[in-house]
Amino acid sequence: MEKLLRIARDSGLIGVDQTSLDAFASSGPQRIGTGDARIYRHSVHTRDGVLYFVGAAQGEKSLFIVSESRVPSDFVGTSARTGGVSVLKASFSPENAQRLHELFPFTAPVSLRDRTTTIGCGDRLGLATAGQVRAVKRYDVAPVLAQQSIRELNLTGRDYPTVVADVTFLVFQEGYEEGYGADGDHLKKISDIDVALAAGMPMITLDLSEVMSAEPALWSDGRVEEEFQELGADVRKHVVETYADKTFRAGGSTIHIARTEAMRCALMYLRALDFSKAVDLHIRARRGDRYDLEISIDETTAPTLPQHHLFIANELALRGVMVSSLAPRFVGEFQKGIDYVGDLGEFEKQFAVHCDIAKSFGNYKISIHSGSDKFSVYPAIGRHTGMRLHLKTAGTSWLQAVLAVARADPGLFRTMVAKAVASFPEAAKLYQVSADPALVPDPATLSDAELPLLLERRDPRQLLHITYGGLLKDQSMRAGIFSTLANNEDLHDSLVEEHIEKHIRLLGAPRKP
Ligand SMILES: [Zn+2]
């Protein structure tokens, strides 16, 4: 390995000096080199006499492949030959990621259905994986590292193959071999699901908000009875016999479904449940049972009633849908980027019932969406789920990147805040926040040292959380953010690591021995 590393250096494709190379080969730090030229220790792997590692040169990371015979020709990149040795510098492209999946299967996303605690670690920039992995690997939890909704892809100008490729190479960089998931988040259409599946993503979060009907929730009992009569005779018989005026026991909870409520559920959900079945069969036909289907009903206006959750859970089970996790809408507010807003006691009481239903009807994980920064409810969530849960975070890693910029480049951060204020009206149409941009201080009036503190205050925090689309669309700002984070990689990685670790710790996840 030492010899091959030296040859890689001599090839001129990576500029690491002799002293640091010697230190690295003899044990040394996690990573060698400073500034432009780096080799990542945990990425160094050999396979069939060929050396693979992640290195950075001129601010850009690449996969280096070094061999005394010939480097595998299926990677695309720039090659050099010195003294009978071949060196290939391969870009972090989706095509090269696929080659890496074949050579090192731990770099490919997998189903996490059998893992008890899973944490969704969305990453809008494709740079957060290292920090996320370093946080997760100290605990008994499995990460879903690639996790994006179509909305996020549109706002960040990325696509699923790129999202998976970015994670693939950083997982390789970190030498993280314990398995990670990839989630096509909040998908509503089979055509979008196909794009995620084609990119190798094993987890699909099916958002039912458009196929279910919200209106019957507001109808009078008379109207519900009337509309229910329009359904087929078999369906009516099944719904009435199974649910009307029935009492169900689930763990410590008792749930009674009144006759009209049973009918209301049928009117609201049956079409969405049939669609879930079709989606489940569709995914199964492509992936066998190596997939995780999450059902999401969280993007609705009212909290999910226990009666409705039970109806949905039982109907999914009757249809044989393989549900790995389900996201109800909980009582209170799960706003982006800030702690829970609402009555903690009421949250815990209702959350316990949802957990009982999940355990008794289908035994799936309860999934908590917009889970970033909900520190005050984590202990209750950990307790009632017994850590069998899925927690989704995304924007919070982006905010740690923003924090890194605030510390490393105050000038750039000031322009980002100004741009965020200008982008707010557009962004606020897409996200549930209560931020008031008028309450965000003018960053020009703040000292450099005061800037990072903005991210500890609700209004600027939410503002920066949701306006990433506007910030990243500005090409010079986008380039500035990426180069600042590349030049301050340690700061960025450790800010992400610290913050994700705090989420996991407060949930009560057991630390690994
Ligand atoms: Zn959601």
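Residues numbered from 1 in each chain as written. Predicted model: local features only at pLDDT ≥ 70, side-chain atom pairs only at ≥ 80, totals over all residues. Heavy atoms only, no water.

Asker: I tried to follow the overall build of the protein chain on my own but got confused; where do I start?
Answerer: Within the protein chain one finds 19 helices and 17 strands. Its C-alpha atoms give the protein chain a radius of gyration of 25 Å, within 12% of the compact-globule value 24 Å for 513 residues. Buried positions account for 57% of the 513 residues belonging to the protein chain. Considering only intrachain contacts with a sequence separation of at least 6, the fraction spanning at least 24 residues in the protein chain is 70%. (Helix = DSSP H or I, 4+ residues; strand = E, 2+ residues; numbered from the N terminus. Rg over C-alpha atoms; globule rule 2.2 N^0.38 Å. Buried < 20%, exposed > 50% of the residue type's maximum accessible area, 1.4 Å probe, protein only. Contact = heavy atoms within 4.5 Å.)

Asker: Whenever I open this one, the side chain of T396 confuses me. Can you help?
Answerer: Relative to the elements of secondary structure, T396 occurs in helix α14 (residues 395-408). Look at T396 and you get buried, because its relative accessible area is 0%. Looking at T396, its side chain comes within polar contact range of the side chain of D373, at 2.9 Å. Those residues in contact with T396 that lie beyond four places of it in its chain are S372, D373, R461, H465, H499, I500 and H503. (Polar contact = N/O pair within 3.5 Å; in protein donor to acceptor, adjacent residues only side chain to side chain.)

Asker: Help me understand the side chain of S149 in this model?
Answerer: Turning to its location among the elements, S149 is positioned in strand β9 (residues 142-149). When sequence neighbours within four positions are dropped, the list of residues in contact with S149 reads Y160, D185 and H186.

Asker: Explain the nonpolar core here, please?
Answerer: Side chains of a nonpolar character, in soluble globular proteins, are inclined to be buried together. Grouped together as the largest cluster of nonpolar side chains are 110 residues, with contacts concentrated most on L208, L293, F347, I368 and I381. Not counting residues within four places of it along the chain, the set of residues in contact with I381 comprises F347, F351, I368, L389 and L507. Core analysis: the second largest hydrophobic core is formed by 34 residues, L399, V402, L464 and L495 among them. (Core = buried A, V, L, I, M, F, W, Y, C linked by side-chain atoms within 4.5 Å.)

Asker: Looking at this structure, I do not really get the coordination of the zinc ion. What am I missing?
Answerer: Taken together, the protein donors to the zinc ion comprise H186 (NE2), D298 (OD) and H369 (ND1), at separations of 2.0 to 2.3 Å. Going along the chain, you hit the donors of the zinc ion in the pattern H-x111-D-x70-H. Of this pair, D298 sits in the loop between β14 (292-296) and α11 (306-318) while H369 sits in the loop between β16 (365-368) and α13 (378-385), and the two are 71 residues apart along the sequence. The two residues D298 and H369 agree in class, both being buried. (Donors = N, O, S within 2.8 Å, 3.2 Å for Na, K, Ca; no water.)

Asker: How do you make sense of the sheet that holds β14 when you look at a structure like this?
Answerer: In sheet architecture, strand pairing relies on hydrogen bonds along the backbone and comes in two forms, parallel and antiparallel. Strand order in the closed barrel formed by eight strands is β8-β9-β10-β11-β14-β15-β16-β17, with parallel pairing between adjacent strands. Each adjacent strand pair in this sheet contributes to an overall mean axis angle of 25 degrees, direction not counted. The pairing of strand β8 (residues 117-121) with β9 spans three bridges and is parallel. Across the sheet, T118 pairs through a bridge with A142, a residue of β9. Strands in contact with helix α19 (residues 489-507) are β8 and β17 (389-393); relative to β17, the strand with the most contacts, it is inclined by about 150 degrees. (Pairing = 2+ DSSP bridges. Axes fitted to C-alpha atoms, helices over the stretch in contact; angles between N-to-C directions.)

Asker: Would you take a moment to explain the packing of helix α10 (residues 259-287) against α11 for this structure?
Answerer: Packed helices, taken two at a time, are described by their axes: the angle between them and the distance between them. For the pair α10 and α11, the least separation of the axes is 10 Å and the interaxial angle reads 40 degrees. It follows that α10 is oblique to α11 by the angle criterion. Considering how the two elements wind past one another, α10 and α11 form a crossing that is right-handed. Here α10 contributes E261, A262, C265, A266, M268, Y269, L270, L273 and S276 to the contact with α11, which in turn contributes Q307, H308, F311, I312, E315 and L316. In terms of residue class, the contact of α10 with α11 is built from ten nonpolar, three polar and two charged. (Parallel < 35°, antiparallel > 145°, perpendicular 65-115°, else oblique. Left-handed = near helix turned anticlockwise from the far one by under 90°. Nonpolar A, V, L, I, M, F, W, Y, C, P; charged D, E, K, R; others polar.)

Asker: Before we go on, may I ask you to explain the pattern of salt bridges in this structure?
Answerer: Pairing between side chains of opposite charge can happen when their charged atoms approach one another. A complete count under the given rule lists 31 salt bridges for this structure. We note a salt bridge from R264 to E261, for which the minimum N-O separation is 3.3 Å. Here R264 pairs with E261, and both are found in helix α10, just three residues apart, close to one helical turn. Classification of R264 by relative accessible area gives buried; the value is 8%. The exposure class of E261 is buried, given its relative accessible area of 19%. Note that R458 is salt-bridged to D459, the shortest N-O span being 3.5 Å. Judged by its relative accessible area of 38%, R458 falls in the partly exposed class. Via salt bridges that share partners, R138, E497, E501, R505 and R511 belong to a single interconnected network. (Salt bridge = Lys/Arg side-chain N within 4 Å of Asp/Glu carboxyl O.)

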